[in-house]
Amino acid sequence: MRRNAVSSVTGSPKPTLEPRTPTVAKKALDVWRDFVKSRYNADAQFLNLERMLDDDLIRKHHLLPPGAPGSSLRESSVIFKLASQLKPEVKTISLANNNISSGQLLSSLSHYLPKLANLSLENNNLQTWRDLDFISTRKGRLEHLQELILTGNPVRELEYKNGRGDKYKGEIGRRFPSLTVLDREPMTVIAFDAPQASSSTHAARPTATTFPCDMGTSFITGVDPALVSGFLARFFSVWDTQRASLMDAYHPSATFSFSVNTSIPTRARLQGFQHSKEMPHQKKLEWTPWITGGDGGSRNLSRMAGGLDKMVRSLHVGAEAAVRAMVALPATKHDVGGAPEKFCVDAWPVGESLLLVTVHGQFTEEPIGGERSFDRSFVLAISPDGSRAKLNGWDVMVMSDQLVIRVYSSHEAWRAGPMRVQHGDSIQPSPSQQSIPPQLQEQLAPIPEPERTLVLQICQRTGLNVKFAVDCLQGNGWDFERAVRNFEEVKGNLSRDAFL
Amino acid sequence: MSTFTSSDIEIAARAADQFTRLYYTTYDSATRVDDLPNFYRATSTLTWNGNPFQGSEGVKSLMERMPSTKHEVQSYDCHPIPGNQPPSLLISVSGTVTHGKGPAGNPASTPRGSIEGQPRVFSQTFMLVPDPTAPPAKPGEVAKYYVGADAMRFVG
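Within any chain, residue numbers begin from 1 and follow the written order of that chain's sequence. Chains and ligands are labelled sequentially in the order written, the chains with letters from A and the ligands with numbers from 1. Note on the predicted model: pLDDT of at least 70 is required for a residue's local features to be given, and 80 or more for side-chain atom pairs to be given and counted; whole-chain, interface and lining totals, by contrast, use all residues. Here the side-chain values reflect all heavy atoms present in the structure, with hydrogen atoms and water set aside.

1. Topic: unusual backbone geometry
Residues and elements named next belong to chain A. Defined as follows: Strands here are runs of E lasting at least two residues and helices are runs of H or I lasting at least four, both read from the DSSP assignment and numbered beginning at the N terminus.
Backbone torsion omega between K87 and P88 reads -10 degrees, so that peptide bond is classified as cis. Mapped onto the fold, P88 is located in the loop between α3 (73-84) and β3 (92-94). Looking along the chain, the bond that leaves E366 and enters P367 is cis, with omega of 5 degrees. Along the chain, the position of P367 falls in the loop between β15 (354-366) and β16 (370-382). Despite not being glycine, R51 has its phi angle at roughly 40 degrees, a positive value. The residue R51 is located in the loop between β2 (46-48) and α2 (56-60) in this model. The backbone of N97 sits at a positive phi, close to 60 degrees, despite the residue not being glycine. Relative to the elements of secondary structure, N97 occurs in the loop between β3 and α4 (109-112).

Given below as structure tokens:
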């Protein structure tokens, strides 16, 4: 209604009683704001952006909603930005029936509504997986999405039409790991007992300034350490010299994969390993043979740009596939016979009759001659009589093998003893888990450090009394590992009075 | 013994993604003393740098004496383990962890180039196993899993 600027002298209209509403041309932004507000159900935290082209407010002001011909990124960004300002925060958005053809229109969604839980894109026109990149890759990731609807989009319908429904679901699962419902059907998920919102009453920040324990030595329990060390020594030796014959050591359904962590760790960098005189070949090392080699490449699941195919291809199932992959990796040399402190092993039984073995160490990559660090996790089983493994002298065989290769870090990282949290922390051996009986303390007192700590550790580890622990250590050059191994070898022959 | 379908592999990978995010977020949170033990059961066996702990109680005790942490996961991998249905999962994680205040918490007299207080590289391996006593709570849930075994070491 236009306001009469002036009332003429002759015959001015009768003054109306209601207040006159000024009609200034509204800014588009205000219209969008009103529109978004009108579509928001605050109780349900649901923003209904369906059929925007048919909306009265939008048509009246000739606006271009996402999906309308001629609409651009700007409109969708404005809408999502306005949505991000709604209170309480938006949990669910429906963009159904908008004829959206390009995923790019969704590119600002993760920026403005990063915690979005439910999204419907039903009956739009999204054609390819690339359209979904804008909400499921580094371009923009909806990390908390629980429900997604894509029915009625070519990207979904074509897969189903061509019998690839399972592949579609798998690909969606890989792109949206938090999803529990897809196209109104529950996703197969593995659940954990982590509360979504903590029910904890312990709101205090952690205040410890020291570590709970010292760095411990290799921890092998519940199994004969000689079995574990024997397996590892032979495994790495064969890996170095005759990798293909490891086929004997793997179960027919065993799984193998390797992944590469290329980050240069801060401590290693500060210690100058890249330029050290003792390791002159570091700079010549290349990651490419590891990242792309091995018949399927490095399997770092946090970086699966290759999609579901890559995820499946890089996991080698069965002894043959495992060996095919292994022999396509660079040659290596592990110093198995040399310094044992360069390796660290933690192993114990798990499940029914399985053995978990984790090894940390280093190898020289040949022919370049540079050093790499590695971590390897095995699940081993006892080889049944008559099995290929057993017949070839492998008492245990590999069920699962995960290898991680990383930039060289020194084995000093796991040198047994106390550790500092901050520079300048005083180093006292921390109280051991078991309290030391006073009689033992008395016997230990005359022994100086560092021998005293070693003796105590031998007593705790083996049950030997102080005198025998000292003998054992002396006879083994005060090398803890050697002393323990020696003890394991002879313990059957020791009399009762050797023990505490 | 049946081998795995790509569906099994995809479900395992998704579980690993969820688990690593949840686990380390919880570890780094102020409420970890109460929340982290929920990933474990009384039978869980774990080691922290070669020191053994047992069960949720062990985890609780470890967390009570641990300085504050900030983990950064740089790579992880996951296998379903042949044997049972639903399968156990082997997950290995590689990354860095900073304790206390990190380098910012070092005294002013700290020589330049000192490694103390700097992030450490860690390697952690988990065996996730299905809980036989917990029936699936929601449609689509394969099983409720918990940490059966856990070996963590500083490696750099």
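2. Points about the domain arrangement of chain A
Residues and elements named next belong to chain A. Threshold: Start and end points for every domain follow an automatic or database-based domain assignment. We call two residues in contact when some of their heavy atoms are within 4.5 Å. Computed with a 1.4 Å rolling probe, the buried area is the accessible surface lost when two parts are put together, summed over both parts. Only one rule defines a salt bridge in this text: a Lys or Arg side-chain nitrogen within 4 Å of an Asp or Glu carboxyl oxygen. Under this definition, polar contacts are N or O atom pairs within 3.5 Å; protein pairs additionally need one hydrogen-donor-capable and one acceptor-capable atom, and for neighbouring residues in sequence, both atoms have to be side-chain atoms. When residues are sorted by character, Ala, Val, Leu, Ile, Met, Phe, Trp, Tyr, Cys and Pro go into the nonpolar class, Asp, Glu, Lys and Arg into the charged class, and all the rest, Gly among them, into the polar class.
Here chain A is partitioned into domain 1 (28-186), domain 2 (215-413) and domain 3 (430-498). Distance between the C-alpha centres of domain 2 and domain 3: 33 Å. Facing the four residues of domain 2 at the interface are four residues of domain 3. In total, about 420 Å² of surface goes out of reach between domain 2 and domain 3, with carbon and sulfur atoms giving 46% of it. For domain 2, the biggest contributors to the area lost against domain 3 are T217, S218 and P340; these three give 66% of the whole. Across the contact surface, domain 2 and domain 3 share zero salt bridges. Our enumeration of links across domain 2 and domain 3 arrives at zero residue pairs in polar contact (both at pLDDT 80 or more). Each residue belonging to the side of domain 2 that touches domain 3 can be placed in one class, and the counts come to two nonpolar, two polar and no charged.

3. Structural notes on the interface of chain B and chain A
The criterion, for reference: Two strands pair under a simple rule: DSSP has to find at least two bridges between them.
Listed per partner, the contact involves 89 residues of chain B and 88 residues of chain A. Buried area between chain B and chain A, summed over both chains or domains, comes out near 7900 Å², and the portion from carbon and sulfur atoms is 61%. Contact with chain A buries area across many residues of chain B, yet R14, H79 and R153 of chain B alone supply 9% of it, more than any other trio. Counting across the interface, chain B meets chain A through three salt bridges. Put simply, E116 of chain B and R420 of chain A hold a salt bridge, and the shortest N to O gap is 3.4 Å. Counting across the chain B and chain A interface gives 37 residue pairs in polar contact (both at pLDDT 80 or more). Taken together, the elements giving at least two residues each to the side of chain B that touches chain A come down to α1 (6-27), α2 (32-35), β1 (40-48), β2 (51-54), β3 (69-81), β4 (88-99), β5 (120-130) and β6 (141-154) of chain B. It is α1 of chain B that provides the largest number of residues to the side of chain B that touches chain A, a total of twelve residues. For the side of chain B that touches chain A, the per-class residue count stands at 41 nonpolar, 31 polar and 17 charged. Inspection of the sheet shows strand β9 (residues 189-191) of chain A paired to β6 of chain B by three bridges, in the parallel sense.

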